[in-house]
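Below, each chain spelled out in residue letters.
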Amino acid sequence: MDTDTTSYKKLSSIRGVERIHANFEVKVNANGAVKQTDEKSGEIAQADTVSSESPSQPASDPYTYGLEQINAPETWSEFGTQGQGSRIAVLDTGIDVDHPDLDLRNEDPGNSTYPGGWAEFDSSGNQVADSEPRDTDSHGTHVSGTVAGGDASGTAIGVAPETELMHGLVLPSGFGTFAQIVGGMEWAVENDADVISMSLGSVGYDDSWTQPVRNAEDMGVLVVAASGNSEEGTSGSPGNVYDSLSVGASNSSMGIAD
């Protein structure tokens with residue numbers, strides 16, 4: 001809303017309005033951390049995300065250490081699946097569709113979002129028309145690889161390389177808003193995603209995220225979010241919303257990432 005035109009008090013008096021909060025900013029900074037600014041207090045909370053720079057890995061190793069630590073290869077073998085039949089929506093900074101290990105969902109070559117599974121959102125949460133797939137920061141390509149990357153390089157990098165991958169650009173150039181992310185969540189639910197993956201958040205508990213997460217879960221969509229990654233003993237929102245599945249980062253020594 002435009003506060004120069006009307007007041008919070010007037011908006012809150014409208015029937016059906018249950019709550020009002022700032023459309024706060026979310027951003028990815030240069031070292032791979034996500035910051036969230038509260039417009040009312042000016043306070044900034046920070047939570048590290050997975051770095052866009054992958055640790056060095058011997059070329060002869062068939063899997064990244066991350067896949068080995070979570071027993072992905074054993075799981076693929078035991079259950080005979082690498083994500084076939086599932087659809088995962090990553091919400092982040094965008095995706096490089098020319099990356100040899102990544103493919104977006106492909107349905108209609110005549111569609112403007114071809115190869116499919118792509119959407120971009122503005123700061124108010126509205127979908128941007130005629131947007132073309134791209135990455136504005138590199139972080140989105142990295143986390144998409146963690147989710148669904150293949151092994152074209154000779155090393156398997158993704159947990160579910162056979163899934164149908166979607167990507168919602170909600171943090172252009174690393175900056176976005178609460179409404180932008182919720183717009184991406186709505187798009188993912190409406191397009192039959194089974195999972196929403198969000199490597200973003202703020203330190204501590206913020207109940208602004210609770211209803212969007214619960215709404216997605218009520219529609220049968222699993223919400224996976226970063227636990228915070230600010231150091232051992234911390235957590236972040238929406239990863240610490242009770243209904244979401246929270247995931248943290250580990251290092252090559254199996255310790256908690258600093």
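Whatever comes next refers back to the structure up there.
These numbers come from a predicted model, not from an experiment.

Here we take up the packing of helix 5 (residues 178-190) against helix 6 (residues 210-218). Where helix 5 contacts helix 6, the axes come no closer than 10 Å and their chain directions differ by 5°. Relative to helix 6, helix 5 is oriented roughly parallel. Taken together, the residues of helix 6 that come into contact with helix 5 (itself represented by Phe 178, Val 182, Met 185 and Val 189) are Pro 212, Val 213 and Ala 216. When grouped by side-chain class, the residues that make up the contact of helix 5 with helix 6 number 7 nonpolar, no polar and no charged.

Where burial is concerned, most of strand 4 (residues 87-92) is hidden: 6 out of the 6 residues are buried. Residue alternation in strand 4 divides its side chains into two sets, Arg 87, Ala 89 and Leu 91 and Ile 88, Val 90 and Asp 92, and both sets are buried. Summarising the sheet, strand 4 and strand 6 (residues 164-169) pair through 6 bridges and their orientation is parallel. When the sheet's bridge partners are listed, Ala 89 is paired in strand 6 with Met 166.

Glancing now at the side chain of Ser 144. As for its position among the elements, Ser 144 is in helix 4 (residues 139-148). Among the polar contacts made by the side chain of Ser 144, one reaches the side chain of His 167 at a distance of 3.0 Å. Beyond its immediate stretch of four places on either side in the chain, Ser 144 contacts Val 90, Ile 95, Leu 102, Gly 149, Leu 165 and His 167.

Pairing in this open sheet of 6 strands is parallel, and the strands run 5-6-4-8-10-12 from one edge to the other. A strand with exactly one partner marks an edge of an open sheet, and here the two such strands are strand 5 (118-120) and strand 12 (245-247). Taking each pair of neighbouring strands and ignoring which way they run, the sheet shows an average axis angle of 20°. Set on the sheet, helix 4 makes contact with strand 4, strand 6 and strand 8 (195-198); between it and strand 4 the angle comes to about 155°.

What counts and how
- Residues numbered from 1 in each chain as written.
- Predicted model: local features only at pLDDT ≥ 70, side-chain atom pairs only at ≥ 80, totals over all residues.
- Heavy atoms only, no water.
- Axes fitted to C-alpha atoms, helices over the stretch in contact; angles between N-to-C directions.
- Helix = DSSP H or I, 4+ residues; strand = E, 2+ residues; numbered from the N terminus.
- Parallel < 35°, antiparallel > 145°, perpendicular 65-115°, else oblique.
- Contact = heavy atoms within 4.5 Å.
- Nonpolar A, V, L, I, M, F, W, Y, C, P; charged D, E, K, R; others polar.
- Buried < 20%, exposed > 50% of the residue type's maximum accessible area, 1.4 Å probe, protein only.
- Pairing = 2+ DSSP bridges.
- Polar contact = N/O pair within 3.5 Å; in protein donor to acceptor, adjacent residues only side chain to side chain.

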